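Chain residues, written in single-letter form:
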Amino acid sequence: MLILLPPSETKAGGGTGSPLDLGVLAFPSLTPTRERLVDALAAVSQDDDAARAALGLSPGQTDELERNRTLRTAATRPAIEQYTGVLYDALDVRGLTKAQRAKADARLAVGSALFGVVGAVDPIPAYRLSSGSKLPGLGTLAAQWKPDLADALAAADRGLVIDLRSGGYAALGKVPGAVTATVVTERADGSRSVVSHFNKHHKGLLARALVTSRSEPGDAKGVVKVAEKAGLRAELSAPTEVTIVTAG
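For the structure given in this document, a descriptive report is provided here. (Residues numbered from 1 in each chain as written. Predicted model: local features only at pLDDT ≥ 70, side-chain atom pairs only at ≥ 80, totals over all residues. Heavy atoms only, no water.)

### Some remarks on the overall build of the protein
- Helices and strands together make up the secondary structure of the protein, namely eleven helices and twelve strands.
- In summary, the protein has a C-alpha radius of gyration of 18 Å against a globular reference of 18 Å for 248 residues, a match within 12%.
- When the backbone C-alpha atoms are referred to their principal axes, the protein occupies close to 50 × 40 × 35 Å.
- Buried residues in the protein amount to 48% of all 248 residues.
- Excluding contacts between residues fewer than 6 apart, the proportion of contacts in the protein whose partners are at least 24 apart in sequence is 68%.
- Here the protein contributes 29 positively and 26 negatively charged side chains, and the mean placements of these two sets differ by 4 Å. (Helix = DSSP H or I, 4+ residues; strand = E, 2+ residues; numbered from the N terminus. Rg over C-alpha atoms; globule rule 2.2 N^0.38 Å. Buried < 20%, exposed > 50% of the residue type's maximum accessible area, 1.4 Å probe, protein only. Contact = heavy atoms within 4.5 Å. Lys, Arg positive; Asp, Glu negative; His and termini not counted. Charge placed at Lys NZ, Arg CZ, Asp CG, Glu CD.)

Printed below as a string of structure tokens:
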């Protein structure tokens, strides 16, 4: 089972790991593209104005540029600890038992505009680059990652893929046949709407259920069963789509 998580704009930073070594990251076929993007991001971040325009940053986010400037020299953390925010709070890998953490490390990967996708234990530094950014001379990130990212994910051979990435990151490398999840709110009158604010929270809870489960689902029905056992209200809405229902 491979569970693909979205990244987050916020990062923990710091860490005790050695500086970035692209050669040790999972999905090694992506190394040439990673090298190109790391160099381009570090280069554009030397110029505050150019970097803010390329990355969509405000003048108050200059600290993000400093992280990009030191991509090659900064300390690293395991990817699953580097990304922070609502989804990762709900996932709460630090609260897992030793056995559960081992499953999480084996089952989780994180989509990334800079690295394509990284394994949970891959040591990476803090950085700022989103799926919609355009680096000078390189065009869109989707153009940079196609078709290498999709090919790398297809070749992973990790069984069922559960793709919880947001649309912009899923578009960098699609996984045909992957199970996806939609979070909706159900009101008292039975009407439903897609959740935005709590979407990440419930996807984090689903990811936690999947990494702590003793079972390894082989299809979307199996994912629904794991979610329900963890106390989530889940439905099979299509052969490869699960809906998580929350109360409005």
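Still more to cover.
### Some thoughts on helix α6 (residues 98-107)
- Turning to α6, its buried residues are Arg101, Ala104 and Arg107. Within α6, the buried residues cover an arc of 135 degrees as seen down the axis, which keeps them to one side. The outward face of α6, more than 90 degrees from its buried face, is lined by the exposed residues Lys98 and Ala99.
- Elements that come into contact with the buried residues of α6 comprise β1 (2-5), α4 (79-82), β3 (108-112) and α10 (199-212). (Arc of directions from axis to C-beta.)

### Side note on the pairing of β3
- Counting buried residues along β3, five of its five residues qualify, which places the element largely inside the surrounding structure.
- Residues Leu108, Val110 and Ser112 point to one face of β3 and Ala109 and Gly111 to the other, with burial holding for every one of them.
- Of the pairings in the sheet, the one linking β1 to β3 comprises three bridges and is parallel in character. Paired with leucine 5 across the strands is valine 110, a residue of β3.
- Relative to strand β4 (residues 116-119), β3 runs antiparallel, the two being bridged by four bridges. Residue valine 110 lies in a different strand from β4, and its bridge partner there is valine 118. (Pairing = 2+ DSSP bridges.)

### Details of the packing of α6 against α10
- With their axes 8 Å apart at the nearest point, α6 and α10 run at an angle of 110 degrees to one another. By the angle class used here, α6 and α10 are roughly perpendicular. The hand of the α6/α10 crossing is right-handed. Taken together, the residues of α10 that come into contact with α6 (itself represented by Gln100, Lys103, Ala104 and Arg107) are Leu210, Val211 and Thr212. (Axes fitted to C-alpha atoms, helices over the stretch in contact; angles between N-to-C directions. Parallel < 35°, antiparallel > 145°, perpendicular 65-115°, else oblique. Left-handed = near helix turned anticlockwise from the far one by under 90°.)

### Regarding the pattern of salt bridges
- A complete count under the given rule lists 16 salt bridges for this structure.
- For arginine 107, the salt bridge goes to glutamate 216, with nearest N and O atoms at 3.6 Å. In this pair, arginine 107 is assigned in helix α6 and glutamate 216 in the loop between α10 and α11 (220-229), connecting sequence segments 109 residues apart.
- Judged by relative accessible area, arginine 107 falls into the buried class, the value being 8%.
- Given a relative accessible area of 48%, glutamate 216 falls into the partly exposed group.
- Here arginine 192 makes a salt bridge to glutamate 186, at a shortest N to O gap of 3.0 Å.
- Connected through shared salt-bridge partners, Glu81, Arg94, Arg101 and Asp105 make up one network. (Salt bridge = Lys/Arg side-chain N within 4 Å of Asp/Glu carboxyl O.)

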